Amino acid sequence: SASGINVPAYFQAKVLVNTIDIVLMTFGFTSIYYLIRQPYIAYWRFFVPFIFTSYAASGWGYLISTIVPPQHGPFIVSLVSFIVCGLLGNPTTLESFREIAVMDIAVSAISISRWAVQMSFLIANDVLKPNPGNDHARDQAMLYTYKNVYVVEGQSSDTTFWHAAIALFAMGFVLRILAFLGLKFTNRSKQV
């Protein structure tokens, strides 16, 4: 048993050591994906959304792992990932969420892909300047939807890009604080 362990030190050590793993895995995944896809975008611009996404997603993992029993963790993480990333971050559903102020705030606070897709879209839109022809109505509609959701009028795309990066960083930071509190208070009977 780990009686007498310093909970803040234990948590901080786990997070710091795991950060190396997160950075290396993100770099490996992004490098392979970049080589396969071969976009006309500088690698660092391609990498930045992935590293911020990994940081925020790992925050969700820490939080869930500290508040639920280990046998339920994988299922709950899968469920949360599907809802937070898949359902709430989909640009077509995000467009309707943005019309209601409370939903916009809620989705912006918990959805990783709401910000990550925005970062990737802004880079691709700036560099590639997509222009679907008249015979591609579906592509035109999707481009219009993405621009309507992710491009902020009166702001440069770089400003909007870094706002999304800050949102993902803040999300990861807050989730780590909540994870620490979950670790500290859910196992009170086992602590000295």
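That block above? That's the structure.
Here is what the cut-offs are and how they apply
Residues numbered from 1 in each chain as written. Predicted model: local features only at pLDDT ≥ 70, side-chain atom pairs only at ≥ 80, totals over all residues. Heavy atoms only, no water. Helix = DSSP H or I, 4+ residues; strand = E, 2+ residues; numbered from the N terminus. Buried < 20%, exposed > 50% of the residue type's maximum accessible area, 1.4 Å probe, protein only. Axes fitted to C-alpha atoms, helices over the stretch in contact; angles between N-to-C directions. Parallel < 35°, antiparallel > 145°, perpendicular 65-115°, else oblique. Left-handed = near helix turned anticlockwise from the far one by under 90°. Nonpolar A, V, L, I, M, F, W, Y, C, P; charged D, E, K, R; others polar. Contact = heavy atoms within 4.5 Å. Phe/Tyr/Trp six-rings, centres within 6.5 Å; stacked < 30°, edge-to-face > 60°. 1 Å grid on protein atoms, 1.4 Å probe; cavity = no way out; pocket = protein on both sides within 12 Å on 5 of 7 lines; lining within 4 Å. Points joined across faces, edges and corners; volume = space filled by probe spheres on them. Core = buried A, V, L, I, M, F, W, Y, C linked by side-chain atoms within 4.5 Å.

**Focus: the environment of Ser81**
You can see Ser81 is positioned in helix H3 (residues 73–87). Judged by relative accessible area, Ser81 falls into the partly exposed class, the value being 35%. Through-space distance from the C-alpha of Ser81 to that of Ser113 is 9.7 Å; in sequence the pair is 32 residues apart.

**Observations concerning the packing of helix H1 (residues 7–37) against helix H2 (residues 43–67)**
Contact geometry of H1 with H2 gives a least axis separation of 9 Å together with a crossing angle of 140 degrees. When the axes of H1 and H2 are compared, the pair comes out oblique. H1 and H2 meet at a crossing whose hand is right-handed. Taken together, the residues of the contact of H1 with H2 break down into 13 nonpolar, 6 polar and 2 charged.

**Some points on the packing of H2 against helix H6 (residues 112–128)**
Close contact between H2 and H6 brings their axes to 10 Å; oriented N to C, the two are set at 180 degrees. Taken together, the axis directions place H2 and H6 in an arrangement best described as roughly antiparallel. On the side of H2, the interface is formed by Arg45, Val48, Pro49, Phe52, Thr53, Ala56, Ala57 and Trp60, while H6 contributes Ile112, Ala116, Met119, Ser120, Ile123, Asp126 and Val127.

**Comments concerning unusual backbone geometry**
For Gln38, which is not a glycine, the phi torsion comes out positive at approximately 50 degrees. As for its position among the elements, Gln38 is in the loop between H1 and H2. Given the relative accessible area of 58%, Gln38 is considered exposed. In this model, Lys129 sits at a positive phi of 45 degrees, which is unusual for a non-glycine residue. Relative to the helices and strands, Lys129 resides in the loop between H6 and helix H7 (137–150).

**Thoughts on the packing of aromatic side chains**
Following the criterion strictly, the structure yields 18 aromatic pairs and no others. Relative to Phe173, the ring of Phe169 has its centre 6.4 Å away and its plane inclined at 15 degrees; by these criteria the two rings are stacked. Placement of the pair is Phe169 and Phe173 together in helix H8 (residues 157–186), with a separation of 4 residues, close to one helical turn. We classify Phe169 as partly exposed; its relative accessible area is 44%. Take Phe173: its relative accessible area is 45%, and that puts it in the partly exposed class. Each member of the aromatic cluster is reached from another via a ring pair, and the members are Phe27, Phe29, Tyr33, Tyr34, Tyr43, Phe46, Phe47 and Phe50.

**Quick notes on the side chain of Asn125**
By the element assignment, Asn125 lies in helix H6. On the basis of relative accessibility, which here comes to 15%, the residue Asn125 falls in the buried class. Once you skip the residues sitting within four places of it in the chain, Asn125 turns out to touch Pro130, Leu143 and Lys147.

**Points about the layout of surface pockets**
In this structure, the second largest pocket spans a volume of roughly 290 Å³. As for the second largest pocket, its lining consists of Thr26, Phe29, Pro49, Phe50, Thr53, Ser54, Ala57, Ser113, Ala116, Val117 and Ser120. Of all the secondary structure elements, the ones that give two or more residues to the lining of the second largest pocket are H1, H2 and H6. Examining the composition of the lining of the second largest pocket, we find that 5 residues originate from one element, H2, more than from any other. Residues belonging to the lining of the second largest pocket are distributed by class as follows: 6 nonpolar, 5 polar and no charged.

**Structural notes on the nonpolar core**
Core analysis: the biggest nonpolar cluster contains 38 residues, and Trp60, Ile112, Met119, Leu168 and Met171 have the highest contact counts within it. Elements with a minimum of two residues in this core: H1, H2, H3, helix H4 (91–97), H6, H7 and H8. Element by element, the count of residues in this core is highest for H8, at 9 residues. When neighbours within four sequence positions are excluded, Ile112 is seen to be in contact with Thr53, Ala56, Ala57, Trp60, Val84, Cys85, Leu168 and Met171.

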